[in-house]
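Chain and residue survey
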Amino acid sequence: MRIGELADAVGVTTRTVRHYHHQGLLPEPERLANGYRTYTLRHAVVLARVRRLTELGLGLAEVRDTLADDAGKDLTEVLQELDADQARQEAAIRERRARLRGLLDGGELPAEGPVSPELAALFAATPPLSGSPMAALDREVLALLETVAPPEERERMVNVLRGALGSPEAVARAHRAYALLDELAEAEPDDPQVAEAGRALADCVPAEMVPEEGDVLDTGHGFLRALYADFSPAQARAVQEALRIASRGRWS
């Protein structure tokens with residue numbers, strides 16, 4: 001058989017046959033006097049087996065090990081491992097689909113989404129001030145923290161925030177703090193309103209989320225450095241003041 005006839009017989013392309021040659025999965029055929037390669041039935045059998053194994057999900061390296069005479073694993077062991085791996089993939093897909101369904105069934109997605117259904121519900125219950133850059137940034141930071149935090153820490157964070165914003169009065173205090181911080185966007189760090197904004201923000205920070213006083217000014221920390229860089233100098237000073245006040249109140 002010529003290469004095209006072999007490919008047609010097994011149901012692959014000639015490019016696939018050449019690739020399998022290159023990968024060492026299919027032995028090179030002998031060449032006739034005219035230079036053409038001629039394939040035998042044995043080549044078709046091996047090629048068909050490679051196709052079946054790849055369709056089951058084996059990678060080419062695994063196929064090569066399976067076909068090798070000195071393979072460390074027999075075919076049954078390889079297929080058992082493949083079956084277990086695909087079972088794990090199926091479980092992961094089911095979990096992702098369940099999360100997607102929860103997001104889709106939860107109504108309108110927040111602009112910061114996708115986030116967990118719990119954080120989405122918290123956002124829906126505490127809509128940000130219309131056009132408030134600081135409120136929007138706060139929600140983006142919360143979405144970031146939820147993404148990078150371990151599962152138990154994510155749950156704790158959402159529960160703490162839900163408790164802290166569980167009343168109309170608490171939401172009103174948060175909105176006032178956002179408004180004061182927004183007004184500092186063009187202000188100087190020594191603006192008198194910095195202290196007022198710091199106090200207003202300190203009243204909104206849940207005690208469970210207050211860092212130790214020594215960590216408040218740790219601007220060398222990469223995350224805090226990036227966070228403060230998103231603020232104007234006056235806003236950064238107000239946030240630091242709020243954390244200092246809240247920290248002294250908790251750790252004193």
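The sections below set out a description of the structure shown in this document. (Residues numbered from 1 in each chain as written. Predicted model: local features only at pLDDT ≥ 70, side-chain atom pairs only at ≥ 80, totals over all residues. Heavy atoms only, no water.)

Comments concerning the environment of Ala170
Along the chain, the position of Ala170 falls in helix α9 (residues 168-183). On the accessibility criterion, Ala170 (6% relative accessible area) is buried. A C-alpha to C-alpha distance of 7.2 Å links Ala170 and Cys204, two positions 34 residues apart in sequence. Residues contacting Ala170, with those up to four places away along its chain left out, are Ala164 and Leu165. (Helix = DSSP H or I, 4+ residues; strand = E, 2+ residues; numbered from the N terminus. Buried < 20%, exposed > 50% of the residue type's maximum accessible area, 1.4 Å probe, protein only. Contact = heavy atoms within 4.5 Å.)

What to know about the packing of aromatic side chains
With the rule as written, the count across this model stands at 0 aromatic pairs. Of note, Arg2 hangs over the ring of Tyr36, and the distance from its end group to the ring centre comes to 4.3 Å. (Phe/Tyr/Trp six-rings, centres within 6.5 Å; stacked < 30°, edge-to-face > 60°. Lys NZ or Arg CZ within 6 Å of the ring centre and 35° of its normal.)

Some remarks on helix α2 (residues 14-22)
Every buried residue belonging to α2 is among Val17, Tyr20 and His21, and all of these are buried. Buried residues of α2 fall within an arc of 105° about the axis and therefore sit on the same side. Residues of α2 that are exposed and angled more than 90 degrees away from the buried face: Arg15 and His22. Looking at the buried residues of α2, the elements they touch are α1 (3-10), β2 (37-38), α3 (41-56) and α4 (60-67). Trailing α2 by a residue or two, Gly24 shows a phi angle of about 80°, which is positive. (Arc of directions from axis to C-beta.)

With respect to the environment of Ala174
Position of Ala174 among the secondary structure elements: in helix α9. Residue classification places Ala174 among the buried residues on the basis of a relative accessible area of 11%. The spatial distance from the C-alpha of Ala174 to the C-alpha of Asp203 is 8.4 Å, given a sequence separation of 29 residues. In this structure Ala174 touches Leu165 and Cys204, once residues within four positions along its chain are discounted.

Quick look at the pattern of salt bridges
Opposite charge on two side chains permits them to pair, given that their charged atoms come into close proximity. If you walk through the whole model with that rule in mind, you get 5 salt bridges. For the salt bridge of Arg37 with Glu28, the shortest nitrogen-to-oxygen distance reads 3.1 Å. The buried category is assigned to Arg37, whose relative accessible area is 18%. Given the relative accessible area of 49%, Glu28 is considered partly exposed. The residue Arg244 makes a salt bridge to Glu241 at a minimum N-O spacing of 2.7 Å. A residue pair is termed a helical-turn pair when its members lie 3 or 4 positions apart in one helix, as Arg244 and Glu241 do in helix α13 (residues 233-251) at 3 residues. (Salt bridge = Lys/Arg side-chain N within 4 Å of Asp/Glu carboxyl O.)

Examining the nonpolar core
Ranked by internal contacts, the top residues of the largest apolar core, which has 25 residues, are Leu181, Leu184 and Phe231. Looking at this core, the elements with two or more residues in it are α7 (133-148), α9, α10 (193-202), α12 (222-229) and α13. Of all the elements, α13 adds the most residues to this core, at 6 residues. Apart from the residues within four sequence positions on either side, Leu181 is in contact with Met134, Ala197, Leu201, Gln235 and Ala238. Ranked by size, the runner-up nonpolar core spans 18 residues in total, among them Ala7, Leu25, Leu26 and Tyr39. (Core = buried A, V, L, I, M, F, W, Y, C linked by side-chain atoms within 4.5 Å.)

Comments concerning the environment of Leu53
Mapped onto the elements of the fold, Leu53 is located in helix α3. Residues Leu53 and Thr66, spaced 13 residues apart in sequence, show a C-alpha to C-alpha distance of 9.2 Å.

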